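Here are the chains, one letter per residue:
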Amino acid sequence: MIETSKEPVLIFLFGATGDLARRKLYSALYRLYTRDQEFAVIGLARRAHTDESFRDLINDSLPSEAGQRKHFLARFYYKRLDITRPESFATLKKFSDELDTRYQLHGNRIFYLSLAPCYFAEAAKNLKKAGISATPGWKRLIIEKPFGHNLESSKELNESLLHAFKEDEIYRIDHYLGKEMVQNIEVLRFANPIFEAIWNRRYISNVQITLSETLGVGDRANYYDQTGALLDMVQNHIMQLLTLVAMEPPTRLETNDVRYEKVKVLKAIRPMNINNIVEQIVRGQYARGITPEREKLPAYIDENNISSDSETETFVAARFLIDNYRWQGVPFYIRTGKRMAKKSTQIVIQFKKLPKNPYFHNINHVGPNLLVIYISPDEGLSLKLNVKENGNAGNTVPISLKFRNSELAMENMQDAYERLMADCINGDSTNFTRWDEVAYSWEIVDSIVDSWKKRRVPVDYYEAGSMGPNSADELLEKNGHHWWPIMQME
Ligand SMILES: NC(=O)C1=CN([C@@H]2O[C@H](COP(=O)(O)OP(=O)(O)OC[C@H]3O[C@@H](n4cnc5c(N)ncnc54)[C@H](OP(=O)(O)O)[C@@H]3O)[C@@H](O)[C@H]2O)C=CC1
Ligand SMILES: O=C1O[C@H](COP(=O)(O)O)[C@@H](O)[C@H](O)[C@H]1O
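In this text the structure is predicted, and so the values were computed from the model without any measurement. Just so you know, the residues in each chain are numbered from 1, in the order the chain's sequence is written. Chains and ligands are labelled sequentially in the order written, the chains with letters from A and the ligands with numbers from 1. Reporting of local features is limited, given that this is a predicted model, to residues whose pLDDT is at least 70; pairs of side-chain atoms are given and counted only at 80 or more, and all residues count toward the totals for whole chains, interfaces and linings. Note that the side-chain values use all heavy atoms of the structure and ignore hydrogens as well as water.

## Some thoughts on the side chain of N236
Reasoning step 1: Along the chain, the position of N236 falls in helix 9 (residues 221-246).
Reasoning step 2: Among the polar contacts listed, one links the side chain of N236 to the backbone oxygen of L231, at a separation of 3.1 Å.
Reasoning step 3: Setting aside chain neighbours within four positions, we find N236 in contact with K145, D174 and L231. Runs of E in the DSSP output that reach at least two residues are strands. Runs of H or I that reach at least four are helices, and both are numbered from the N terminus. Whenever a nitrogen or oxygen atom comes within 3.5 Å of another N or O atom, the pair is scored as a polar contact, on the condition that within protein one atom can donate a hydrogen and the other can accept it, and that pairs from neighbouring residues in sequence are kept only if both atoms are in side chains. When checking whether two residues touch, look at their non-hydrogen atoms; a contact exists if any pair is within 4.5 Å.

Take a look at the structure:
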């Protein structure tokens, strides 16, 4: 378990009535509270709430077993505020200074912008202008995604933020970096010499990263239809997972050493262009389908608030190539989508096959070794090997060596948002994205969007409840590969 610094802090939660706050942030704060973290929270949004009605809203978001809810809720206050109206920040300053004194928070402040991205820059500017971010303690800005919608807009946003906060005060959150098994990738790679030795193009055939979701767009249609799967999931979460798998060993497992190695990977990813875009990337959108229980699922264009001619992609599969010594020629396949058959995040490392050999009768059926990293919902690893078939020296059978976090262990562990908030309180930004990571990641995504604009690539439809369009399978078949099915740990 991560030790928090336990330094007291005043948290300004912008977007306190929103989906993310209600689904993730209040329960994460509750867990921090039960681990003796001292804080008070000011919830901020436009709609009217009293402190009491706000506490009721938070109460509804807490797990039923939350035994310390009364004392926890007493630390929450609500202020109506419109980001676009600087005058509302003036009253916020007075109130926050009062809370600081009442709870002895030493002027330490976290500003969590759980807001639509169009408000990020203005919120930071108004905080500075009102003097709310100028206190004797430390100040940190947690900023949600997406960070801009392309390289240019992300640069503009970054420059605006830097007028109010320094780079080391800006915590660009990517909640995938707070997941237990994502944090385990570095340990698995760098604490195990057997993997360290074979983690390269000589032994690895391909890497497959899947982030599949069963849900549709829900009530985030307005956001999603303007964003699509490429910007919602690939630019951030998938690029982060890919860099953790592909990076060189950092000099130390310290913030800037790790980030430096991740940036080197992003710089080495081959950009897409109009000549390779069709071979390298597939975009899909879900059509009507059914669940395994035979319940009907709507098409994307039949979801609430989606226009019937929308061509937004709800699925992306791609083959990325990394032009460096370690990975030359090894495809990194990625796929992500809404309304797919299973909710799962997993990484499969497929090792190269044996050279032809005369030892086994069933040599054509000897499968490759696979290392599977289960990120969610299961958390664990499996290593697929071939062993002798009982009683038959000439035949092999596949077996899996498995490690799985128990449900009890998972329950007691911090969740991603809790872990990242604790890191922020500790001043540890290792698992947040540095500006240059964001910028290089946008360069890759921009190369895809630009190529799509220049060479119209139609969306391929897939049945809701399936694993994506056929073209996503063909993407791998061209290279003699196939997607490994989503594996469940028994
Ligand atoms: N929801 C999710 O699963 C995820 C969300 N994110 C990111 O988190 C952020 C928040 O998302 P989400 O919670 O879904 O968004 P919502 O639309 O659900 O919530 C937005 C919040 O912002 C407030 N708000 C809107 N306009 C203003 C304004 N002018 N001034 C002050 N407050 C305002 C809203 O309250 P009110 O209307 O009362 O003002 C509401 O509390 C986004 O950046 C999103 O990309 C990231 C990962 C996952
Ligand atoms: O950032 C986002 O992530 C969620 C998926 O997160 P997970 O932890 O449940 O895998 C996704 O639903 C959402 O569209 C996206 O904005």
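So much for the structure itself; the text now carries on.
## A word on the packing of helix 1 (residues 19-34) against helix 2 (residues 51-61)
Reasoning step 1: Axis definition: a line fitted to C-alpha atoms, over the contacting stretch in the case of helices. Angles run 0 to 180 degrees between N-to-C directions. Where helix 1 contacts helix 2, the two axes come as close as 8 Å, and the packing angle between them is 90 degrees. When the axis of helix 1 is compared with that of helix 2, the two are roughly perpendicular. Of the residues in helix 2, those touching helix 1 at R22, Y26 and S27 are F54, L57, I58 and S61.
Reasoning step 2: Classes in brief: Ala, Val, Leu, Ile, Met, Phe, Trp, Tyr, Cys and Pro nonpolar; Asp, Glu, Lys and Arg charged; the others, Gly included, polar. Across the contact of helix 1 with helix 2, the residue classes break down as 4 nonpolar, 2 polar and 1 charged. Small angles under 35 degrees read as roughly parallel and large ones over 145 as roughly antiparallel, with 65 to 115 read as roughly perpendicular and the rest as oblique.

## A few points about the UniProt feature "binding site: substrate" (unreviewed entry) in the protein chain
Reasoning step 1: UniProt positions are given in the numbering used here, feature names are shortened, and annotations may be inferred rather than shown by experiment. Taking the numbering used here, the UniProt-annotated feature "binding site: substrate" (unreviewed entry) corresponds to H175, K179, E213, D232, K338 and K343.
Reasoning step 2: Position of K338 relative to the elements: it lies in the loop between strand 12 (332-337) and strand 13 (344-351).
Reasoning step 3: Residues contacting K338, with those up to four places away along its chain left out, are E213, L215, G216, Y224, D232, Y286, T314 and Y462.
Reasoning step 4: One polar contact links K338 to E213, side chain to side chain, over a distance of 3.0 Å.
Reasoning step 5: With respect to the helices, strands and loops of the structure, K343 is situated in the loop between strand 12 and strand 13.
Reasoning step 6: Under the relative-accessibility criterion, K343 is labelled partly exposed at 39%.
Reasoning step 7: Apart from residues no more than four positions distant in its own chain, K343 is found in contact with S212, E213, T214, S376 and P377. For the exposure calls, accessible area comes from a 1.4 Å probe over protein chains only, and a residue counts as buried if that area is under 20% of its type's maximum, exposed if over 50%, partly exposed in between.

## Here's the deal with helix 10 (residues 255-268)
Owing to its 3.6 residues per turn, the α-helix aligns residues three or four sequence positions apart on the same side.
Reasoning step 1: Helices are assigned an expected span. That span is 1.5 Å times one less than the residue count. When the terminal C-alpha atoms of helix 10 are compared, their 21 Å separation across 14 residues agrees well with the 20 Å that a helix rising 1.5 Å per residue should span.
Reasoning step 2: All of the buried residues along helix 10 are D257, V258, R259, E261, K262, V263, V265, L266 and A268.
Reasoning step 3: Buried residues along helix 10 sit in contact with helix 7 (180-190), helix 9 and helix 14 (435-454).

## Considering the UniProt feature "domain: Glucose-6-phosphate dehydrogenase NAD-binding" (unreviewed entry) in the protein chain
Reasoning step 1: Within the UniProt annotation, "domain: Glucose-6-phosphate dehydrogenase NAD-binding" (unreviewed entry) is assigned to residues 13-184.
Reasoning step 2: Helix makes up 45% of residues 13-184 and strand 16%, whereas the separation of the span's terminal C-alpha atoms amounts to 29 Å.

## Brief notes about the site of ligand 2
Reasoning step 1: Every residue near ligand 2 is listed here: K145, H175, Y176, K179, E213, R220, D232, M233, H237, K338 and K343.
Reasoning step 2: The separation between an oxygen atom of ligand 2 and a polar side-chain atom of K338 is 2.7 Å.
Reasoning step 3: Taking K343, its side chain carries an N or O atom lying 2.8 Å from an oxygen atom of ligand 2.
Reasoning step 4: Considering ligand 2 on its own, with 390 Å² of exposed area, one finds that the protein chains cover 83% of that surface.
Reasoning step 5: Of the residues in the shell around ligand 2, the class split is 2 nonpolar, 2 polar and 7 charged. Summary of the distance rule: residues count as near a molecule or strand when at least one heavy atom falls within 4 Å of that molecule or strand. Accessibility throughout is a Shrake-Rupley quantity obtained with a 1.4 Å probe, and a residue counts as covered only by protein chains that appear here.

## Concerning the site of ligand 1
Reasoning step 1: Looking at ligand 1, there are 23 residues lining it, with T17, D19, R23, R47 and K145 nearest.
Reasoning step 2: Contacts to ligand 1 include L20, whose backbone N or O atom sits 2.8 Å from an oxygen atom.
Reasoning step 3: R46 is positioned such that a nitrogen or oxygen atom in its side chain is 2.7 Å from an oxygen atom of ligand 1.
Reasoning step 4: When the free accessible area of ligand 1 is taken as 890 Å², the share hidden by the protein chains comes to 85%.
Reasoning step 5: The element that contributes the greatest number of residues to the shell around ligand 1 is helix 1, accounting for 3 residues.
Reasoning step 6: Grouping the amino acids of the shell around ligand 1 by side-chain chemistry returns 11 nonpolar, 4 polar and 8 charged.

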